[in-house]
Amino acid sequence: VVCISILKYGQEMHEEAMVLTTMGSLKEFADGGMQNARTLMERETLVEIITTMTASTNSMYRGTALHILASVFRAALPPMEFGVKLFDDIGKANRNATMSTIDVLLTYARQPLDDTRRGVFDLFGAILSQGGDWGIRLTFSHSKFEEWLMDARSETSMEMKQWKFH
């Protein structure tokens, strides 16, 4: 409940340090293992706030929210139905009716905002590592994903190349 209040009202009150600290704690909690990540997944209001933060105009909030979701996917290994729904929820928080979640994430990956781009790369890595290969099928079914992934020229810094191709 405290995390929800801080994330919800901290943004409105421009308490960036408090919001980012709370988000960092949530990421560390999710990184603590499958049980922790699944506990986070079960908190619908919290997941809704985090997915909404992936659409924030603050690139640090957006990037950190994407990292939290990547940690949840990586540690919880959700069943395909839940994983696809959560992935789609990220897109719903970010898009108009014509863009898929992949389109939204690829748009973020092409922007010069490294905080957000790191989060996108982390999330794609987590999705691609899902059991039962549903993450691979989900991402590679989108023609623009493979095109973007194979374009080594899209990343100019060594750090971003490492994030994208690790």
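The preceding data block contains the structure.
Residues numbered from 1 in each chain as written. Predicted model: local features only at pLDDT ≥ 70, side-chain atom pairs only at ≥ 80, totals over all residues. Heavy atoms only, no water.

Asks: For the overall build of the protein, give the residues involved together with the corresponding values.
Replies: Counting secondary structure elements, the protein contains 11 helices and zero strands. For the protein, the sequential pattern of α-helices and β-strands runs α-α-α-α-α-α-α-α-α-α-α. For 166 residues, the compact-globule estimate of 2.2 N^0.38 gives 15 Å, and the C-alpha radius of gyration of the protein, at 15 Å, lies within 12% of that figure. Here the protein holds 166 residues, and 45% of them are scored as buried. (Helix = DSSP H or I, 4+ residues; strand = E, 2+ residues; numbered from the N terminus. Rg over C-alpha atoms; globule rule 2.2 N^0.38 Å. Buried < 20%, exposed > 50% of the residue type's maximum accessible area, 1.4 Å probe, protein only.)

Asks: Talk me through the packing of helix 1 (residues 2-12) against helix 4 (residues 44-53); I want residue IDs and the actual numbers.
Replies: Relative orientation of the contacting elements helix 1 and helix 4 amounts to 30 degrees, with a least axis distance of 9 Å. Taken together, the axes of helix 1 and helix 4 lie roughly parallel to each other. Helix-helix and strand crossings are classified by hand; for helix 1 and helix 4 the assignment is left-handed. Along the contact surface, helix 1 presents Cys 3, Ile 4, Leu 7, Lys 8 and Gln 11, while helix 4 presents Thr 45, Leu 46, Ile 49, Ile 50 and Met 53. Residue composition of the contact of helix 1 with helix 4, by class: seven nonpolar, two polar and one charged. (Axes fitted to C-alpha atoms, helices over the stretch in contact; angles between N-to-C directions. Parallel < 35°, antiparallel > 145°, perpendicular 65-115°, else oblique. Left-handed = near helix turned anticlockwise from the far one by under 90°. Contact = heavy atoms within 4.5 Å. Nonpolar A, V, L, I, M, F, W, Y, C, P; charged D, E, K, R; others polar.)

Asks: I'd like a rundown of the packing of helix 6 (residues 80-94) against helix 7 (residues 101-110), residues and numbers included.
Replies: Where helix 6 contacts helix 7, the two axes come as close as 8 Å, and the packing angle between them is 65 degrees. By the angle class used here, helix 6 and helix 7 are roughly perpendicular. Handedness of the crossing formed by helix 6 with helix 7: left-handed. For the pair helix 6 and helix 7, contact is made by Phe 87, Asp 88, Ile 90, Gly 91 and Asn 94 and by Thr 101, Ile 102, Val 104, Leu 105 and Tyr 108, respectively. For the contact of helix 6 with helix 7, a count of residues per class yields six nonpolar, three polar and one charged.

Asks: I'd like a description of the side chain of Ser 56, backed by residues and values.
Replies: Considering the arrangement of structural elements, one finds Ser 56 in the loop between helix 4 and helix 5 (59-76). Under the relative-accessibility criterion, Ser 56 is labelled buried at 12%. Among the polar contacts listed, one links the side chain of Ser 56 to the backbone nitrogen of Asn 58, at a separation of 3.0 Å. Beyond its immediate chain neighbours, meaning those up to four positions away, Ser 56 contacts Tyr 61 and Arg 62. (Polar contact = N/O pair within 3.5 Å; in protein donor to acceptor, adjacent residues only side chain to side chain.)

Asks: Describe helix 5, listing the residues and the values that go with them.
Replies: The terminal C-alpha atoms of helix 5, which comprises 18 residues, lie 25 Å apart, in line with the 26 Å expected from a rise of 1.5 Å per residue. Summarising burial for helix 5: 16 of the 18 residues are buried, a large majority. One side-chain oxygen of the residue at the start of helix 5 lies 2.8 Å from the amide nitrogen of Met 60, identifying that residue as Asn 58. Just past helix 5, the residue Leu 77 takes up positive phi, approximately 45 degrees. (Expected span 1.5 Å × (residues − 1).)

Asks: Please set out unusual backbone geometry residue by residue, giving values where relevant.
Replies: Of note in this structure, Leu 77 is not a glycine but carries a positive phi near 45 degrees. Following the sequence through the fold, Leu 77 ends up in the loop between helix 5 and helix 6. A positive phi angle is found at Asp 133, which is not glycine, with a value near 55 degrees. Note on placement: Asp 133 falls in the loop between helix 8 (114-128) and helix 9 (134-140).

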